[in-house]
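Coordinate analysis (summary)
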Amino acid sequence: MLSYIVRRLAAGVVLLFVISGIAYATMFLSGGDIARRLLGQMATEDQVAAKAGELGLDEPLVTRYFDWLGSALGGDFGRSWFTGEPVAQALENRLPVTLTLVIGTTLVVAVVSVLLGTAAAVRRGWLDRAVQLLSVAGYALPGFWIALLLALVVAVELGWFPATGYVPFSLSVAGWLSTITLPIAALSIGAVASTTQQVRGAMIDVLRQDYIRTLRSRGLPRHRVLLRHALRNASGPGLTVLALQFIGLMGGAVFVEQIFALPGIGLLAVNATTRGDIPMVMGVVVVTVVLVTVVNLLIDIAVGFLNPKARVR
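What this report covers is the structure whose coordinates are included nearby. (Residues numbered from 1 in each chain as written. Predicted model: local features only at pLDDT ≥ 70, side-chain atom pairs only at ≥ 80, totals over all residues. Heavy atoms only, no water.)

**Comments concerning the overall build of the protein**
Spelled out, the test is: Comment: elements are numbered from the N terminus, with helices defined as DSSP H or I runs of at least four residues and strands as E runs of at least two. Accessibility here uses a 1.4 Å probe with only protein chains present; expressed as a share of the type maximum, an area under 20% marks a residue as buried, one over 50% as exposed, and anything in between as partly exposed. For accessible areas, the Shrake-Rupley method is used with a probe of radius 1.4 Å. Any residue's cover is judged against the shown protein chains and nothing else.
The helix and strand tally for the protein stands at 13 helices and 0 strands. Start at the N end of the protein and walk to the C end: the helices and strands fall as α-α-α-α-α-α-α-α-α-α-α-α-α. Scored against the burial criterion, the 313 residues of the protein give a buried share of 42%. Surface accessibility of the protein: about 16,600 Å² in total, with carbon and sulfur atoms responsible for 67%.

As structure tokens, this is what we get:
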């Protein structure tokens, strides 16, 4: 398992270099005259040339990338071209908001999907049909529509939760919960739908295995068979889907942060991309790749721990 972890970490490092290089080249090659865009159309040619020299745009693209990479490896991602804010500081301030949404949603999805998927696989009948129907409906509904509906009905009309804004956990636990409840609910519905189906299918397959019938015939309690044997062996597909959901939630957080006016990196990435703020975009890219790599590694370790047959030695 240790050698497998080392290989996955090495693959993650390679992936980080590849994606950052592609993103860097794409941003510059598709950005047009960046210095002109920063200064405006009224700037003179001398001003544009001076700005380009200040930003290092007069150097070859490869040289610029490795200069940026060397600074990034030291923790310096540069400053925003538009606000002057250090990229590392912007990410430090906004990353906790997005992680709160994504991790909170992942936990909700894991608990609800296991409960619904297991219940549907064990009980079958009308409960199974109801869970499948709800899963299809939740998967079909657009996430942004769910977020808008929750904001308009639950927040604006009923006034149960604030419609916009974010309260840090350090300031008020109750305020923090009130500001993340609706965004997490909006992100969870579609994710629960797809994950529940995977858990249900995996549980049905496991419950049909001969060793499950053998354990039951020996008189073991039903809950013990389900928890210690069936659920553990069916955990692989569900955990794999959760890893994919985490990646999707990083993207889904963008529209949720816009609708509920949350200061996360999703909203930061949208604004930076729209303005062509390349240092800020690159900082978001690096953080996202690192998070995805770490989560995938943790999921693989969890699958190996819960299901010995899936362990890699």
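So that's the structure; there's more coming.
**Notes on the packing of helix 11 (residues 235-259) against helix 12 (residues 265-275)**
Each pair of packed helices can be described by the angle between their axes along with the distance between the axes. To keep things clear, this is the line we draw: All axes here are fitted lines through C-alpha atoms, helices being fitted over the stretch that makes contact, and every angle between N-to-C directions spans 0 to 180 degrees. In what follows, roughly perpendicular refers to angles from 65 to 115 degrees, roughly parallel to angles under 35, roughly antiparallel to angles over 145, and oblique to any angle outside these ranges. Contacts are assigned to residue pairs with any non-hydrogen atoms lying within 4.5 Å of each other. Three classes are used, and their members are as follows: Ala, Val, Leu, Ile, Met, Phe, Trp, Tyr, Cys and Pro are nonpolar, Asp, Glu, Lys and Arg are charged, and the others, Gly among them, are polar.
Put simply, helix 11 and helix 12 touch, their axes get as near as 7 Å, and they point 85 degrees apart. By the angle between their directions, the pair helix 11 and helix 12 is classed as roughly perpendicular. Residues Met250, Val254, Glu257 and Gln258 of helix 11 pack against Ile265, Gly266, Leu267 and Val270 of helix 12. Taken together, the residues of the contact of helix 11 with helix 12 sort by class into 5 nonpolar, 2 polar and 1 charged.

**Describing unusual backbone geometry**
Phi at alanine 261 is positive, roughly 55 degrees, even though this residue is not glycine. As for its placement among the helices and strands, alanine 261 is situated in the loop between helix 11 and helix 12. A relative accessible area of 39% means that alanine 261 is categorised as partly exposed.

**Considering the pattern of salt bridges**
Stated formally: Whenever a carboxyl oxygen of Asp or Glu lies within 4 Å of a side-chain nitrogen of Lys or Arg, that contact is scored as a salt bridge.
What the rule picks out here adds up to 1 salt bridge. Residue glutamate 85 is joined to arginine 94 by a salt bridge in which the shortest nitrogen-to-oxygen separation is 3.5 Å.

**Here we look at helix 6 (residues 125-140)**
What counts here: Multiplying 1.5 Å by the residue count of a helix minus one yields the expected span of that helix. Think of the arc as the fan of directions from the helix axis to the C-beta atoms.
Given a rise of 1.5 Å per residue, 16 residues ought to cover 22 Å, and the 23 Å separating the end C-alpha atoms of helix 6 matches this to within 8%. Residues of helix 6 that are buried: Asp128, Val131, Ser135 and Gly138. Along the long axis of helix 6, the arc covered by the buried residues comes to 100 degrees, so they all point the same way. Facing away from the buried side of helix 6 by over 90 degrees, the exposed positions are Trp126, Arg129, Leu133, Val136 and Ala140. Check the buried side of helix 6 and you find it contacts helix 5 (87-123) and helix 8 (173-207).

**As for the environment of arginine 124**
Secondary-structure assignment places arginine 124 in the loop between helix 5 and helix 6. Accessibility expressed as a relative area gives 33% for arginine 124, which makes it partly exposed. Each C-alpha atom, one on arginine 124 and one on arginine 200, is 9.9 Å from the other, the two residues being 76 residues apart in sequence. When neighbours within four sequence positions are excluded, arginine 124 is seen to be in contact with Ala119, Arg200, Ile204 and Arg208.

**Structural notes on the side chain of threonine 100**
Mapped onto the elements, threonine 100 comes out in helix 5. Sequence-distant contacts of threonine 100, that is, excluding residues within four places in its chain, are made with Tyr166, Trp176, Ile180 and Ile184.

**With respect to the packing of aromatic side chains**
As a reminder, the rule being used: In this scheme Phe, Tyr and Trp rings, the latter by its six-membered ring, pair at centre separations within 6.5 Å, and the angle between planes marks the pair as stacked below 30 degrees, edge-to-face above 60, and tilted otherwise.
In total, this model carries 5 aromatic pairs according to the counting rule given. Relative to tryptophan 68, the ring of tyrosine 24 lies with its centre 5.9 Å away and its plane at 35 degrees, an arrangement referred to as tilted. With a gap of 44 residues between them, tyrosine 24 in helix 1 (residues 2-29) and tryptophan 68 in helix 4 (residues 61-73) connect regions that are remote in the sequence. The pair formed by tyrosine 24 and tryptophan 68 is uniform in burial state, with each residue classed as buried. Here the aromatic residues Tyr24, Tyr65, Phe66 and Trp68 are joined through ring pairs into a cluster of three or more.

**Describing helix 11**
Here is the rule: Throughout, bend refers to the angle between the axes fitted to the seven residues that end at a position and the seven residues that start at it.
Under the 1.5 Å per step criterion, the end-to-end length of helix 11 is 34 Å for 25 residues, consistent within 8% with the ideal 36 Å. Along helix 11, the largest kink reaches about 30 degrees and is centred on glycine 252. Two residues or fewer past helix 11, alanine 261 is found with a positive phi of approximately 55 degrees.

**Some details on the side chain of serine 20**
Cut-off, in case you're wondering: Between N or O atoms, a polar contact is any pair within 3.5 Å; within protein, one atom must be a potential hydrogen donor and the other a potential acceptor, and residues adjacent in sequence are included only when both atoms are from side chains.
Positionally, serine 20 belongs in helix 1. For serine 20, the side chain forms a polar contact with the main-chain oxygen of leucine 16, separated by 2.8 Å. In this structure serine 20 touches Tyr65, Trp68 and Met282, once residues within four positions along its chain are discounted.

**Looking at the nonpolar core**
The tendency in soluble globular proteins is for nonpolar side chains to be buried side by side. Note the threshold: Each nonpolar core is a collection of buried residues, namely Ala, Val, Leu, Ile, Met, Phe, Trp, Tyr and Cys, held together in the definition by side-chain atoms within 4.5 Å.
The biggest cluster of nonpolar side chains holds 58 residues, and the ones touching the most others in it are Trp68, Leu91, Leu101, Phe260 and Ile278. Listing elements by their share of this core, those giving two or more residues are helix 1, helix 4, helix 5, helix 7 (143-157), helix 8, helix 11, helix 12 and helix 13 (278-306). Top contributing element to this core by residue count: helix 13, with 12 residues. Those residues within four positions of leucine 91 in sequence are excluded, and the remaining contacts are Pro96, Ile265, Leu268, Gly283, Val284 and Val287. Counting residues in each nonpolar core, the second largest holds 11 residues, with Val122, Val199, Leu226 and Ala230 among its members.

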